[in-house]
Amino acid sequence: MSYWLNLILPTVSYGITIAAIALLVINGKKLLAIYRAGQPDPTRKDKPGSRMSHMLGEILGHTKMLNFTATGMAHWVVMVGFVALFGTLLTAYGQVLNPNFTLPFIGHFIPYEYFTELITLLTSLGIVGLIIIRQQTRLSQKGRRSRFFQSRSLKAYYVEATIVAIVICVSLLRGLEGALSSDMSKSWHYAFSWPIALYFKHYTLSSILTLIQVVAAVKIVVSMLWFIVIALNLTMGVAWHRFLAFFNVYYRRHSDGTNSLGELPEMLSHGHVIDFDDPAEEDIFGLGTRADISWKGLLDMTTCTECGRCQSQCPAWHTEKPLSPKLLIMAMRDHAMAKVVETESLVGESAPISLDVLWSCTTCGACVNECPVDIEHIDHIVNMRRFQVLVESEFPSELGGTFRNLENSGNPWGANKTDRDGWIAECNFPIRIVEGALPDDVDYLFWVGCAGAYEERAKKTTKAVAELLYMAGVKFAVLGKKETCTGDPARRAGNEFLYQILAKENIETFEEVFAGRTEKGKKKIVVTCPHCFTTIGRDYAQSGFELEMVHHTQLLNQLVREGKLTPVIQSEKKLTYHDPCYLGRHNQIYSPPRELLEATGIKITEMPRNNERSFCCGGGGGRMWMEEKLGTRINMNRVDEAIATGAEEVAVACPFCRVMVSDGVQARESDVEVLDVAQALLRSVKPLI
């Protein structure tokens, strides 16, 4: 029997290893070929040092995973175990031939053996924890409520079972090695496996030697079978992310380690930025077929672990709409990896992505913010929208009117251009309007924005900010009728051509206004709209025009700190604050609005979903001008949460949020008042004059 074991076990172990390595190399090359066939994207290779340091920091520090603390800690030890226990696999290859085998040079080095046993124990606890969390989620959150809804659970179970089998094998081998040793009492060599060693001490020597060979062979077979399975299944992101996550995080859009939010990526075709003044005949406009997907997009899709963290924070999914960022990426991945015609459509009837899915997105950024492997969901969604708008002319009917209004009137409502500065007549203090270049004594250009100029509720914010700046002695001026829409609604809704027209017009205006001011810090714009803040401050930089953008909550907070504005009336009303997506997640501005409110004596009662996990109002991504026909209304979901706090007031810092939250409060027939942070400050400092 021993003879046959000595023959069969090594043959099986080494044979399956050769097969696994061969399949992994062959299919790994296929995967690389798929990436190489993707559209080029040269924007991902700048600042390699910065990319490397941020990638290592995020992955080794598990910075995103630790947002889910228990899961993050468990996943971290499992990740460490995957790498740290590689030495036990090498040892197993020797043990199937010689049960007494130890690694050369290391042997029974106590620190190594202690480390191995500690990592084995932690990995065991980690994987058991992850299994428990998955099953608790499955049992407590049924259907759409579960972040694992429609994830390929069998694949996840297989991965979990493989890890459990490996840690059992490592523990058994360590115990059997202890039983084989001359140690008669617990030692540092077998710090955690000594109980197993004691159990096997009663076995005969030949039995122990045979068991070591068998368990070592099982460990090798389980490990290599795992490699064979993933090699034959290139869509198994729950396994492939162990190798691909490093690259996906490294090649994210921003080399400084920040999330792929804020500005949208420029439209690339065959690796170059499209010149909308003179586009080439072969240019690709957006993402319409598998052949249009960039190599980074393909990397995104194959890295997806189907964990559903993106889905768990998605406002569309939470309001019964068909969009799940996770399922969208999975559908794109399955389509890209399938044997289909290259020109088969990604979006539309009988396509992987339906139009309802595509147009449900508010571009709030929750999915990108949560994804532990930095998948860029919004970029893919907007690129598909670009194709639908620019090539297929297939988009919600309401957007047709919005696009015409932007083109003809310079604002999404179609209001008269001559009325853009009408709000100035409602102010009882002087406001300077820029004619030509900005005078030297003016510190800030106050960008009013379309909502701030036309929408009645947003106009209250505009007038409050202007009055506060005037009271503080800040020298500012406005463009008046020279303003036009920044192009945010057009760009986020996929109409890149219209955005380019509006952006070019505004940049020409800025170049005239800031003529003579060469330094970025001398070109300052204060805005009340986070969408304008993002588009002017970040999107316009792609056209080579950079300036310093300041949100009104930032500037007003600074003025209060400097003593130029002094709150004297303390509000006793209970207030909650709603974080705008484009101020918070897209630009990481969370503290200034809260500090301003607290300066007026207000004690903020936070909603359960706040700061980086704030829930969207439903107005971003062009949705402000589209009717919600599917599921329940996003703004109602948010308003219900605000009302549940018992607050008498809801403070906002975005005109879109103000409209959406106000409409929700009105629909609920609630007496909760909605106001901007600037209004809360104004009523506190007004008695000074």
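Residues numbered from 1 in each chain as written. Predicted model: local features only at pLDDT ≥ 70, side-chain atom pairs only at ≥ 80, totals over all residues. Heavy atoms only, no water.

1. A word on the packing of helix H24 (residues 591–599) against helix H27 (residues 677–685)
- Contact geometry of H24 with H27 gives a least axis separation of 9 Å together with a crossing angle of 25°. Judged by the angle between their axes, H24 and H27 are roughly parallel. As for how H24 packs across H27, the hand of that crossing is left-handed. Judged by residue contacts, Pro593, Leu596 and Leu597 of H24 engage Val677, Ala680 and Leu681 from H27.
- Each residue belonging to the contact of H24 with H27 can be placed in one class, and the counts come to six nonpolar, no polar and no charged. (Axes fitted to C-alpha atoms, helices over the stretch in contact; angles between N-to-C directions. Helix = DSSP H or I, 4+ residues; strand = E, 2+ residues; numbered from the N terminus. Parallel < 35°, antiparallel > 145°, perpendicular 65-115°, else oblique. Left-handed = near helix turned anticlockwise from the far one by under 90°. Contact = heavy atoms within 4.5 Å. Nonpolar A, V, L, I, M, F, W, Y, C, P; charged D, E, K, R; others polar.)

2. With respect to the nonpolar core
- Counting residues in each nonpolar core, the largest one holds 149 residues, and the members touching the most others are Trp423, Phe510 and Ile525.
- Examining the composition of this core, we find that 11 residues originate from one element, helix H8 (residues 205–231), more than from any other.
- Not counting the four nearest positions on each side in its chain, Phe510 is found in contact with Leu445, Trp447, Leu479, Ile525, Ile536, Tyr540, Phe545 and Leu547.
- Counting 17 residues, the second largest nonpolar core, distinct from the first, contains Cys617, Ala642, Val661 and Val674. (Core = buried A, V, L, I, M, F, W, Y, C linked by side-chain atoms within 4.5 Å. Buried < 20%, exposed > 50% of the residue type's maximum accessible area, 1.4 Å probe, protein only.)

3. With respect to the side chain of Lys321
- Here Lys321 shows up in the loop between helix H12 (315–318) and helix H13 (325–337).
- Overall, Lys321 belongs to the buried group, its relative accessible area being 4%.
- If sequence neighbours within four positions are ignored, Lys321 has contacts with Arg144, Ala316, Ser360, Glu628, Leu630, Thr632 and Ile634.

4. So, the sheet that holds strand E7 (residues 548–551)
- Strand order in the open sheet formed by five strands is E3-E5-E4-E6-E7, and the pairing between neighbours is parallel. At either margin of the open sheet sits one strand with a lone partner, and together these are strand E3 (432–433) and E7.
- Summarising the sheet, strand E4 (residues 444–447) and strand E5 (residues 476–478) pair through three bridges and their orientation is parallel. Of the residues in E5, the one forming a bridge with Tyr444 is Phe476. (Pairing = 2+ DSSP bridges.)

5. Structural notes on the side chain of Lys459
- Among the structural elements, Lys459 can be located in helix H19 (residues 456–471).
- When sequence neighbours within four positions are dropped, the list of residues in contact with Lys459 reads Trp423, Glu426, Ala451, Gly452, Ala453 and Tyr454.

6. What about the environment of Phe192?
- Note on placement: Phe192 falls in the loop between helix H6 (153–180) and helix H7 (194–200).
- On a C-alpha basis, the gap between Phe192 and Lys47 in space is 45 Å, while along the polypeptide they are 145 residues apart.

7. Side note on the packing of aromatic side chains
- For the structure shown, the criterion picks out 29 aromatic pairs.
- Ring centres of Phe276 and Phe497 lie 6.2 Å apart, and the angle between their planes is 50°; on these two criteria the pair is classed as tilted. With Phe276 in the loop between strand E2 (272–273) and helix H10 (295–303) and Phe497 in helix H21 (residues 496–513), the pair connects residues that are 221 residues apart, well separated along the chain.
- Three or more aromatic residues joined by ring pairs make a cluster, and in this case those are Trp447, Tyr499, Phe510, Phe514, Tyr540 and Phe545.
- When the ring centre of Trp317 is taken as reference, the NZ or CZ atom of Arg144 above it lies at 3.6 Å.
- Positioned over the ring face of Phe545 is Lys523, at 5.0 Å from the centre of the ring. (Phe/Tyr/Trp six-rings, centres within 6.5 Å; stacked < 30°, edge-to-face > 60°. Lys NZ or Arg CZ within 6 Å of the ring centre and 35° of its normal.)

8. As for a nonpolar patch on the surface
- A grouping of Tyr3, Trp4, Leu7, Ile8 and Val12 is seen on the molecular surface, where their side chains present a nonpolar patch of about 540 Å² in accessible area.
- For Tyr3, the position within the fold is in helix H1 (residues 2–37).
- Take Tyr3: its relative accessible area is 57%, and that puts it in the exposed class. (Patch = residues over 30% accessible without salt bridge, like charges linked within 9 Å, V, L, I, M, F, W, Y side chains within 5 Å. Areas by Shrake-Rupley, 256 points an atom, 1.4 Å probe, with all protein chains shown as cover. Salt bridge = Lys/Arg side-chain N within 4 Å of Asp/Glu carboxyl O.)

9. Quick look at the sheet that holds strand E8 (residues 575–577)
- Reading across the sheet, the three strands line up as E8-E9-E10 and stay open at both edges, with parallel pairing between neighbours. In the strand order of this sheet, the two ends are held by E8 and strand E10 (673–676), each with one partner. The average angle at which neighbouring strand axes cross in this sheet is 30°, direction not considered.
- Where strand E9 (residues 649–652) lies against E10, four bridges are found, and the strand directions are parallel. When the bridges of E10 are listed, Val652 appears paired with Asp676.

10. Examining the pattern of salt bridges
- In the structure shown here, the tally under the stated rule is 46 salt bridges.
- The salt bridge involving Arg613 is made with Glu370; its shortest N-O contact spans 2.8 Å. On the criterion of sequence distance, the pair formed by Arg613 in the loop between H24 and helix H25 (634–644) and Glu370 in helix H15 (residues 366–370) is long-range, its members being 243 residues apart.
- Given the relative accessible area of 25%, Arg613 is considered partly exposed.
- A salt bridge links Glu649 to Lys573; the nearest nitrogen and oxygen atoms lie 3.8 Å apart. Of this pair, Glu649 sits in strand E9 while Lys573 sits in the loop between helix H23 (552–561) and E8; the two residues are 76 residues apart in sequence, bridging distant segments of the chain.
- You can call Lys573 partly exposed: its relative accessible area is 38%.

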